[in-house]
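Per-entry structural report
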Amino acid sequence: VDLPFDFPFFGGKYRTLLVHDNGLLSFGSDQTAVTSGCTDANALASINGIAPLWLNMNTLGSAQDNEGVYVTRNIVDQVTVRWAGETTSALGFPNPVNFAATLFYDGRIQFQYGKGNAELASADNPSFCGPAPTVGISPGHDTYTLQTPLPDYNNYVIRFDPPFGNDSIPAAIVESPKPSDTVQDVLRVTGVAYDAASPIYRVDILVDNIKLAFTRP
């Protein structure tokens, strides 16, 4: 899909978007990762892309009317990709999925989930893959993904705001271990994160620039 604006995403700007029928958007990513069969967090980490609901699915079935992938362009400020499809299941019981992703000219991203999107665990998932579906965004460096798992994906809206143009910048302080401490074996780390102008909804924990966990207030 040719975008009508330069879309800013993790330090780059893009005018072309690759749309995949399994709930993934990517920007010129290595297609080996995209087609590996896994739709888990590890696979997303190697893809420069956006995953509103990435799982093994298809948009050519009959679980619901008018299945397909639809693109709506607003020349001024946004492009929306909508998926209407069904899970791919070896058991032969596909479940309808309905969701969309909107990209705005200023870097904002919004995921919307409609009716259905139930029993997603029934979708085929190779035994060598991690849990799926995967929801989030990734710069494709194999070190970091911003994931947003939900209890279910029925009538929800998720929005990602780009990290620029803010009135303030979050701050984080590691309280222990202190710079002069000597530690070994199991390491307990404590600290605080805050923002003077905005609430903080999550903190990602990285070691050697690799995300290992995240926590919520």
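For the structure itself, look to the data block above.
Throughout what follows, the structure given in this document is the object of discussion. Residues take numbers from 1 onward in each chain, read along the sequence in its written order. Whole-chain, interface and lining totals are the exception, using all residues; otherwise, since this is a predicted model, local features are given only for residues with pLDDT of at least 70 and side-chain atom pairs are given and counted only at 80 or more. Side-chain metrics rest on all non-hydrogen atoms present in the structure, leaving aside hydrogens and water.

**With respect to the environment of Gly 130**
We count it as follows: Secondary structure is summarised from DSSP: a helix means a run of H or I of at least four residues, a strand means a run of E of at least two, and numbering begins at the N terminus for each.
In this fold, Gly 130 is placed in the loop between strand S10 (109-113) and strand S11 (134-139). Between the C-alpha atom of Gly 130 and that of Tyr 113, which follows or precedes it by 17 residues, the distance is 23 Å.

**Focus on the side chain of Thr 80**
Formally: The classification of residues rests on relative accessible area computed with a 1.4 Å probe and restricted to protein chains. Under 20% of the type maximum is buried, over 50% is exposed, and intermediate values are partly exposed. Each polar contact in these results corresponds to two N or O atoms within 3.5 Å; when the atoms are within protein, one needs to be able to donate a hydrogen and the other to accept it, and residues that are neighboring in sequence are counted only if both atoms are side-chain atoms. Here, residues are in contact when the closest pair of their heavy atoms is within 4.5 Å.
Summarising the element assignment, Thr 80 is placed in strand S8 (residues 78-87). When its relative accessible area of 18% is taken as the criterion, Thr 80 is described as buried. Within the structure, Thr 80 has its side chain in polar contact with the side chain of Thr 102 (distance 2.8 Å). Beyond its immediate chain neighbours, meaning those up to four positions away, Thr 80 contacts Tyr 70, Val 71, Thr 72, Ala 100, Ala 101 and Thr 102.

**What to know about the nonpolar core**
As a reminder of what qualifies: Throughout this description, the term nonpolar core refers to a set of buried Ala, Val, Leu, Ile, Met, Phe, Trp, Tyr and Cys residues connected via side-chain atoms within 4.5 Å.
Ranked by size, the top nonpolar core spans 31 residues in total, and within it Phe 7, Leu 25, Ile 50, Leu 53, Ile 109, Phe 111 and Tyr 113 carry the most contacts. Mapped onto this core, the elements with two or more residues apiece are strand S1 (2-9), strand S5 (48-54), S8, strand S9 (96-104), S10, S11 and strand S13 (157-160). Residues in contact with Tyr 113, not counting those within four places in the same chain, are Pro 52, Leu 53, Asn 98, Phe 99, Val 135, Leu 150, Tyr 153, Asn 154, Asn 155, Tyr 156 and Ile 158. Judged by nonpolar contacts, the second largest core, of 9 residues, contains Val 34, Cys 38, Ala 43 and Leu 44.

**Topic: a nonpolar patch on the surface**
Just so we agree on the cut-off: Like charges within 9 Å and nonpolar side chains (Val, Leu, Ile, Met, Phe, Trp, Tyr) within 5 Å are joined into patches, using only residues over 30% in relative accessible area that form no salt bridge. What sets the accessible areas is the Shrake-Rupley method with a 1.4 Å probe; for residues, cover comes only from the shown protein chains. The term salt bridge refers to a side-chain nitrogen of Lys or Arg lying within 4 Å of a carboxyl oxygen of Asp or Glu.
A grouping of Val 174, Val 183, Leu 187 and Val 189 is seen on the molecular surface, where their side chains present a nonpolar patch of about 360 Å² in accessible area. Examined against the element boundaries, Val 183 turns out to sit in the loop between strand S14 (171-176) and strand S15 (190-194). Val 183 gets classed as partly exposed once you look at its relative accessible area, which sits at 48%.

**Structural notes on the state of the cysteines**
Here is the rule: Only a pair of cysteine sulfur atoms within 2.5 Å counts as a disulfide in this structure description.
Using the criterion set out here, one finds 1 disulfide in the structure. The disulfide that involves Cys 38 links it to Cys 129, with 2.0 Å between the sulfurs. Because the sign of the S-S torsion sets the handedness, a value of about -80° for the bond joining Cys 38 and Cys 129 places this disulfide among the left-handed ones. On the criterion of sequence distance, the pair formed by Cys 38 in the loop between helix H1 (31-34) and helix H2 (41-45) and Cys 129 in the loop between S10 and S11 is long-range, its members being 91 residues apart.

**Describing the pattern of salt bridges**
Per the counting criterion, the structure on display carries 4 salt bridges. Of the charged contacts, one joins Arg 15 and Asp 6 as a salt bridge, the two residues approaching to 3.5 Å between their closest N and O atoms. Judged by its relative accessible area of 43%, Arg 15 is partly exposed.

**What to know about the pairing of S13**
Note the cut-off: For two strands to count as paired, DSSP must find a minimum of two bridges between them.
Here S13 shows a clear split, with Ile 158 and Phe 160 buried on one side and none of Val 157 and Arg 159 buried on the other. The pairing of S10 with S13 spans 4 bridges and is antiparallel. Looking at S13, one finds that Phe 111 is bridged to Ile 158.

**Considering the pairing of S5**
A large share of S5 lies buried, amounting to 7 of its 7 residues. Across 5 bridges, S5 lies against S11 in antiparallel orientation. Note on S11: the bridge partner recorded for Trp 54 is Thr 134.

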